[in-house]
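The primary structure of each chain is shown beneath.
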Amino acid sequence: LEYQLLEALILGHLGKRGDALKKIDSVIALATPGGEDALVAQQLKGLIEMAEGNWEEAAEVFKAMSRTTHKQSESSRRLASEAYLEKAKDHLKNGNGAAAILSIDQAITLYEKVSGTEALQAKTSLKLLRARTLVRIGKPKEAISGLRQLLAGSPENLEVITTLASIYARTG
C-alpha cells in the first residue's frame, strides 16, 4: 500500500491528479479502516483535492479524518478549516459574499464542540474573520452583533474590542 501511495503522490505531482485520486481511493478501500495507511491516504486525498481547488471535497475528507485520534483530529480540523477559508476567498472573488459567509460558518462549526485553548483561539480568529467579511460585504450590523456575542464570552480580548471599535468608527 505504501508503494501505491508513493505512486499516487508522484501522479499528483505530475499533474495527473485524477489518476492519483483513483489510486488513493483503491488504497483506502484496501487499507485497514483507521489504520496508518488509510489515514495517510485520506490526508493525501484531501491535499490533492485542495491543490485542484476542490475546497468542499477537501474539507469533507479532513472533517471525516478529524473524528479519528486526537492528534490526527487537530491536524485534520485545521486542514478542513483552511479548505473552507479558501472556498470563502473564491466566493468573495466571484462577488458572492453570502456564500463566503456560509463557508466561514462551516469552518467555525468545526470547532464548536471542541474544547481547549487552541480551539478557542481558532474559533475566535474565524469569528473575527467572519465579522470583517460581513463589513466588507456591507453588513456591519451583523458584524457588530457577532462581535458583541464574542466579546460577552471574552471581554478582555483586545482584538475583538479593536475590531468592534473600528466598525463603529466606520459606520457611526
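Attention here is on the structure that accompanies the text.

Reading the values: rules and limits
Residues numbered from 1 in each chain as written. Predicted model: local features only at pLDDT ≥ 70, side-chain atom pairs only at ≥ 80, totals over all residues. Heavy atoms only, no water. Buried < 20%, exposed > 50% of the residue type's maximum accessible area, 1.4 Å probe, protein only. Helix = DSSP H or I, 4+ residues; strand = E, 2+ residues; numbered from the N terminus. Arc of directions from axis to C-beta. 1 Å grid on protein atoms, 1.4 Å probe; cavity = no way out; pocket = protein on both sides within 12 Å on 5 of 7 lines; lining within 4 Å. Points joined across faces, edges and corners; volume = space filled by probe spheres on them. Nonpolar A, V, L, I, M, F, W, Y, C, P; charged D, E, K, R; others polar. Core = buried A, V, L, I, M, F, W, Y, C linked by side-chain atoms within 4.5 Å. Contact = heavy atoms within 4.5 Å. Salt bridge = Lys/Arg side-chain N within 4 Å of Asp/Glu carboxyl O. Axes fitted to C-alpha atoms, helices over the stretch in contact; angles between N-to-C directions. Parallel < 35°, antiparallel > 145°, perpendicular 65-115°, else oblique. Left-handed = near helix turned anticlockwise from the far one by under 90°.

Of all the residues in helix α4 (residues 55–65), the buried ones are Trp55, Ala58, Ala59, Val61, Phe62 and Met65. All buried residues of α4 fall inside an arc of 160° around its axis, so they share one side.

Moving on: the layout of surface pockets. By volume, the largest pocket is sized at about 250 Å³. What lines the largest pocket is a set of 15 residues, among which Lys123, Lys127, Gly146, Gln149 and Leu150 lie closest to the centre. Within the residue set of the lining of the largest pocket, elements represented by two or more residues are α7 (117–136) and α8 (140–153). Classifying every residue of the lining of the largest pocket by side-chain character gives six nonpolar, five polar and four charged.

Right, let's talk about the nonpolar core for a bit. Counting 22 residues, the largest nonpolar core has Met50, Phe62 and Tyr111 as the members making the most contacts within it. For this core, the secondary-structure elements that each account for two or more residues are α3 (36–51), α4, α5 (70–93), α6 (97–109) and α7. Sort the elements by how many residues they give to this core and α4 lands first, with six residues. The contact partners of Phe62, leaving out residues within four places of it in the chain, are Gln43, Gly46, Leu47, Met50, Ser76, Leu79 and Ala80. The next biggest cluster of nonpolar side chains, apart from the first, holds 12 residues, and it includes Ile144, Leu150, Val160 and Leu164.

Let's shift gears to the pattern of salt bridges. For the coordinates displayed, the defined rule picks out 10 salt bridges. For the salt bridge of Glu7 with Lys23, the shortest nitrogen-to-oxygen distance reads 3.4 Å. Highlighted residues: Glu7 in helix α1 (residues 2–13) and Lys23 in helix α2 (residues 17–30), separated in sequence by 16 residues. Relative accessible area serves as the criterion here: at 28%, Glu7 is assigned to the partly exposed category. Take Lys23: its relative accessible area is 22%, and that puts it in the partly exposed class.

Two packed helices can be described by the angle between their axes and the distance between those axes. Two elements in contact, α1 and α2, have axes separated by 7 Å at closest approach and are oriented at 160°. The orientation of α1 relative to α2 falls into the category roughly antiparallel. Remark: the crossing between α1 and α2 carries left-handed chirality. Where α1 approaches α2, its residues Gln4, Leu5, Glu7, Ala8, Leu11 and Gly12 are matched on the opposing element by Arg17, Asp19, Ala20, Lys23, Ile24, Ser26, Val27 and Leu30. Residues that form the contact of α1 with α2 fall into these classes: seven nonpolar, three polar and four charged.

Turning to the environment of Glu36, a few remarks are in order. Structurally, the position occupied by Glu36 is in helix α3. Here the alpha-carbon distance between Glu36 and Gly138, two residues 102 residues apart in the chain, equals 46 Å.

This part is about the packing of α6 against α7. Their axes nearest at 9 Å, the elements α6 and α7 cross at an angle of 170°. Judged by the angle between their axes, α6 and α7 are roughly antiparallel. Counted together, Ile101, Ile104, Asp105, Ala107 and Ile108 of α6 and Lys123, Leu126, Lys127, Leu129, Arg130, Thr133 and Leu134 of α7 form the full contact between these two elements. Among the residues forming the contact of α6 with α7, the class breakdown is seven nonpolar, one polar and four charged.

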